[in-house]
Amino acid sequence: MRYFRQCFILMLAIFFASSAAAELVIKVTEGNDQPTVIALSPFNLNGIKINENISDIVAADLRRSGLFRLTPQRDMLAFPSQPADVYFRDWRLLGAEYLVVGSLSVMPDRRYELEFSLLSVNSQRIQFTHKVRSPASEMRDLAHAVSDKIYQAITGIRGAFATRLAYVSVIREGDDFTYRLQVADADGARESLMLESKQPIMSPTWAPSGNELAYVSFETGRPAIFRQNLLTAERQQLTSFKGLNGAPSWSPDGTKLAIVLSKDGNPEIYTLDLNTNKLVRLTRHFAIDTEPTWMPDGKHILFTSDRGGSPQIYKLKLSDKSVKRVTFKGNYNARPNIAPDGRTVAMVHRSSDVFHIAALDLKTGRLLELTETTLDESPSLAPNGAMLMYATKYDNKGILAAVSIDAGVKYNLPAKRGDVREPAWSPYLR
Amino acid sequence: MKTRINLYASLLSLAILTGCSSAPVYDNDTTEIDNAAVKTAQVGSADVEIVPVISDLATVFYFDFDKAVLNAESRGALLEHAAILKGNSRAVRLEGHADERGTREYNIALGERRAAAAKEFLVLQGVAGDRIEVISFGEERAAAFGSDDEAWRLNRRVELK
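Considerations on the overall build of chain B
A count of helices and strands for chain B gives three helices and 10 strands. Along its sequence from the N terminus, chain B presents helices and strands in the succession β-β-β-β-β-β-β-α-β-α-β-α-β. A burial count over chain B gives 37% of its 161 residues as buried. Summarising the internal contacts of chain B: among those between residues at least 6 apart in sequence, 73% fall at separations of at least 24.

A closer look at the overall build of chain A
Scanning chain A for helices and strands turns up four helices and 30 strands. In terms of overall dimensions, chain A has C-alpha extents of about 70 × 55 × 45 Å along its principal axes. Every one of the 430 residues in chain A was classed for burial, and the buried ones make up 49%. Taking contacts inside chain A between residues at least 6 apart in sequence as the whole, the part at least 24 apart equals 45%.

Considerations on the confidence of the model for chain A
Within chain A, residue pLDDT values average 92, and 95% of them lie at 70 or more. Counting contacts from residues 1-21 of chain A, a segment whose pLDDT is below 50, to residues more than four positions away or on other chains yields 22 contacts.

Observations concerning the domain arrangement of chain A
Residues and elements named next belong to chain A. We note that the domain assignment places domain 1 (34-155) and domain 2 (164-425) within chain A. Computed over C-alpha atoms, the centres of domain 1 and domain 2 are 36 Å apart. Here the side of domain 1 that touches domain 2 takes three residues from helix H2 (residues 54-64), the largest share from any one element. Of the residues assigned to the side of domain 1 that touches domain 2, the class counts are one nonpolar, two polar and three charged.

Some remarks on the sheet that holds strand S8 (residues 92-97) of chain B
Residues and elements named next belong to chain B. With respect to topology, four strands assemble into an open sheet ordered S7-S10-S8-S9, the strand pairing being mixed. Edge positions in the open sheet fall to strand S7 (60-62) and strand S9 (132-138), since each of these has one partner strand only. Adjacent strand axes in the sheet meet at a mean angle of 20°, parallel and antiparallel pairs treated alike. Where S8 and strand S10 (residues 157-160) come together, three bridges link them in antiparallel fashion. Note on S10: the bridge partner recorded for Gly96 is Val158. Sheet strands touched by helix H2 (residues 104-124): S7, S8, S9 and S10. Its angle to S9, the strand with the most contacts, is close to 155°.

A look at the packing of helix H1 (residues 72-86) of chain B against H2(B)
Residues and elements named next belong to chain B. Remark: H1 packs on H2, axes separated minimally by 9 Å, with the N-to-C direction vectors making an angle of 55°. With respect to H2, the axis of H1 lies oblique. As H1 runs across H2, the sense of the crossing is right-handed. Residue-level inspection shows Arg75, Leu78, His81, Ala82 and Leu85 of H1 in contact with H2, the latter providing Ala118, Phe121 and Leu122. Here the contact of H1 with H2 is composed, by residue class, of six nonpolar, one polar and one charged.

A look at the sheet that holds strand S14 (residues 245-250) of chain A
All names here are of chain A. On the basis of which strands lie adjacent, the open sheet formed by four strands has the order S14-S15-S16-S17 and antiparallel pairing. A single partner strand is all that each edge strand has here, and the edge strands are S14 and strand S17 (279-281). Going from strand to strand, the sheet's axes swing by 25° on average, the running direction of each strand aside. Sheet analysis places strand S16 (residues 268-273) next to S17, joined by three bridges and oriented antiparallel. From the neighbouring strand, Tyr270 faces S17, where its bridge partner is Arg281.

A short note on the environment of Ala143(B)
All names here are of chain B. Inspection of the secondary structure puts Ala143 in the loop between S9 and helix H3 (149-155). The exposure class of Ala143 is partly exposed, given the 13 C-beta atoms found within 10 Å. In this structure the C-alpha to C-alpha distance between Ala143 and Arg157, which are 14 residues apart in sequence, comes to 9.0 Å. Excluding anything up to four places from it in sequence, Ala143 contacts Leu154, Asn155 and Arg157.

What about the confidence of the model for chain B?
All names here are of chain B. Chain-level pLDDT for chain B is 79 on average; 68% of the residues reach the 70-or-more range. Low pLDDT, under 50, characterises residues 45-54; the predicted model gives this stretch 31 contacts beyond four residues in sequence or across chains. Interface confidence for the predicted complex, given as ipTM, is 0.90, next to a pTM of 0.87.

Regarding the pairing of strand S5 (residues 112-120) of chain A
All names here are of chain A. Of all nine residues making up S5, seven are buried, and the element is well covered by its neighbours. Where strand S4 (residues 98-106) meets S5, nine bridges bridge the pair, whose relative direction is antiparallel. Counted as the bridge partner of Val101 is Ser117 from S5. Counting the residues that bridge the hairpin from S4 to S5 gives five residues, and of these Arg110 lies at a positive phi of roughly 75°.

Digging into the environment of Lys49(A)
The residue Lys49(A) is located in the loop between strand S2 (36-40) and H2 in this model. Through-space distance from the C-alpha of Lys49(A) to that of Ala136(A) is 9.7 Å; in sequence the pair is 87 residues apart.

Brief notes about unusual backbone geometry
Residue and element names in this part refer to chain A. Phi at Ala247 is positive, roughly 50°, even though this residue is not glycine. Considering the arrangement of structural elements, one finds Ala247 in strand S14. Looking at Ala247, the number of C-beta atoms within 10 Å reads 32, which means it is buried.

Points about the packing of H2(A) against helix H4 (residues 139-155) of chain A
All names here are of chain A. Between H2 and H4, the least distance of the axes is 9 Å, while the angle of their chain directions is 45°. Considered as vectors, H2 and H4 are oriented oblique to each other. Note on packing geometry: the crossing formed by H2 with H4 is right-handed. Counting all contacts with H2, which are made through Ile54, Ile57, Val58, Asp61 and Leu62, the residues of H4 involved are Met139, Arg140, Leu142, Ala143, His144, Val146, Ser147, Ile150 and Tyr151.

Here we look at H2(A)
Listed as buried for H2(A) are Ile54(A), Ile57(A), Val58(A), Ala59(A), Asp61(A), Leu62(A) and Arg64(A). Remark: Gly66(A) follows H2(A) within two positions and exhibits a positive phi of approximately 80°.

With respect to the pairing of S16(A)
Residues and elements named next belong to chain A. Counting buried residues in S16 gives five out of six residues, a clear majority hidden from the surface. The pairing of strand S15 (residues 256-261) with S16 spans six bridges and is antiparallel. Bridge pairing in S16 links Lys256 to Asp273. Here S15 hands over to S16 after six residues, with Gly265 in that stretch at a positive phi of 125°.

Calculation criteria
Residue positions within a chain follow its written sequence, with the count starting from 1. Chains and ligands are labelled by the order in which they are written, letters from A for the one and numbers from 1 for the other. Where totals are concerned, whole chains, interfaces and linings use all residues; where local detail is concerned, this predicted model gives features only for residues with pLDDT of at least 70, and gives and counts side-chain atom pairs only at 80 or more. Strands are runs of DSSP state E lasting at least two residues, helices are runs of H or I lasting at least four, and both sets are numbered from the N terminus onward. Labels follow a simple rule on C-beta atoms placed from the backbone: if 20 or more others lie within 10 Å of a residue's own, it is buried; if 12 or fewer, it is exposed; otherwise it is partly exposed. This entry defines residue contacts through backbone-placed C-beta atoms, with two residues in contact when those atoms are within 7 Å. As a per-residue measure, pLDDT reflects the predictor's confidence and takes values from 0 up to 100. Domain ranges listed in this record stem from an automatic or a database domain assignment. Residues are sorted three ways: Asp, Glu, Lys and Arg are charged, Ala, Val, Leu, Ile, Met, Phe, Trp, Tyr, Cys and Pro are nonpolar, and all the rest, Gly among them, are polar. Note: two strands are recorded as paired if DSSP finds a minimum of 2 bridges between them. Axis angles are defined between N-to-C directions and span 0 to 180 degrees, where every axis is a line fitted to C-alpha atoms and, for a helix, only to the segment in contact. If an angle is under 35 degrees, it is roughly parallel; if it is over 145, roughly antiparallel; if it lies from 65 to 115, roughly perpendicular; otherwise it is oblique. Here a crossing is taken to be left-handed if its near helix is turned anticlockwise relative to the far helix by less than a right angle, and right-handed if that turn runs clockwise.

Structure (C-alpha cells):
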C-alpha cells in the first residue's frame, strides 16, 4: 500500500512540475522518398483500461523516423491480434510489407504485458514474437520499447525511441527571464522540470549512465558547473572558478568531465576527475578553446578553437595533448558532437553567412549540410547515430528540430510557450 | 557614477521524493520496463540590485562580429571612465555579451574576451585590476530582440556597471 501512496505523491509532483512546462509538439516536415509500408493492427486490449493509446504511440514513433508509411486503419479488413488470425492476402492487397499484431494482458503482479509479433507480408513469415512488460503507469515506455524492437528488426539499426531529451526553455516577460532545465521523452511527451532559475542555465549534457546531467547555471551570479541526479534530484556544484566555468562533457566511462575554465586568463580545456576532483589542463593557447566533446574511444577530445583565426574544430590526443585541426571548409565550424561510431561529427557550420548543422565524415572528409534554416545550433546525435536534434528559430521563436544524418528526414518540436534550445539527446536508457 | 551590486545567496531547496521503482530485469524475449520518474531541484533567484547614476558618459561599448577590438568611440569613453575611477575607490563590473549567431559556449568565451579587452584598457590607464570584475553572459542576455543586423549590433557589447 505504501508503495502505491508514494507513487501517487510522485505522480502529483510530476503533474505539477509539468504544468509549468513548455510542452513540445511534433510536426514532421520531411520524410523518406521510399518509406517501408507497415500496418499496425490495433493491439487487442482485452478490455483492460489504460490511459495511453499504445498503438498510436508506436505509429507516431515509426512515422517520425521518416522511414515508414503506415497503412490507414480505416482500410484494414480485420484487426488480428495474433499471427494465427492473419490472412496475408488481405494485407498484401493493401500494399503492406509488414504487419504488427499484439495483445495486452495483466500479469499476476498487476503489471501489464504486451505480446506482439512482426510479420513479413511478402514471405508470409513471423519475423519475431516478443513480450514487453511494464507497470500500468508506464505505458509510454512500453510503447517505445515496441517501436524500438520493430525499428531494429526492419532497419538493422537499434531504435532510439525509448530515450529522452534534456533542453533549456526560456520565458521572457519584459526584463524578467525564467530559465528552465527540462527533461522529456524523445517524442516530447512527459516533460518534467529539473531546475528553474531567473539566471541563465546552459549546456546540459548527459552522463553515460543516463541517470545524471551536468550543466552550467548562473544562479550564484556567475557561471558554475553542476551535476544533478534525475532519480533523486540530488545536486552538486562542481566548479566555482574565477571567469568561465562551462561546456561540460562526460567521458565515456563516466569518471571525468571535460570542461572549460578561464581562471588562468583565457578559455582553456581541462578534465575534472569526479572522484578525486583533480583538474588537468589540456590546452595552452591564447585563443578561445571551448566546447570539448569526448570521442567514443575515451582517448581523444574534439573541441572548438579560433587559434587559426576563425572558429574551427580540432582533435586533441589525451596521451600527449597534441592537437590536430579537423575542419577546413568554411570560416565557422563549432560545437562538435560525435556519433557513437566515432566517425561522423555533427557541428555548427557557416556557409554564405548562414549557420547550418553539418555532418563531417572523419574518414572521407566529406561534409554534408543537413539543415536549410538559419541560426541552427547545438546539434546532439541520438545514441543510434541515425538522427540528431538541434535548436533553430521559427517565427522568431527558439524551437527544437530533428534531422536524419543523411538529411532525408526532418521534424520540428516547437514549444507551445517560450523559447526552447540546447537539446541534449540521452544515451540508451536500458 | 555610483554602482552598488548586492548579490543575495540563492536558496536551494530540493524536492525530496521517495522513488518507487526497482531495477529492470531482462530475459531473451522480454523487455521489463520500470522507469523512475525525473525529479526536480529548485533554485531561488539571485536578486541583483544595480543602482547606477548615469551621466551622459557611454557605459555600453559595441564590437564587430567575432571581434573583441575596442573602437575609437569606446576608447574615448573608457579614458574618461578611467579618469573618474582613479579619483575614487569604487569597484566596477564589466559584462561581456555576444549576438545570437554562432554557438553559445563560444559566444560566452567571446563575451569574456570583449570584457577583458575593456578591463585591459582601464588597467593600462592606471585603474587597479582588482577593482574590475569581468563576467560574460555570451548570447544569454540580449539587449535587443529580433534576428537582424541592428539587433545583433546592439547585442555585441560590453556594459560597464
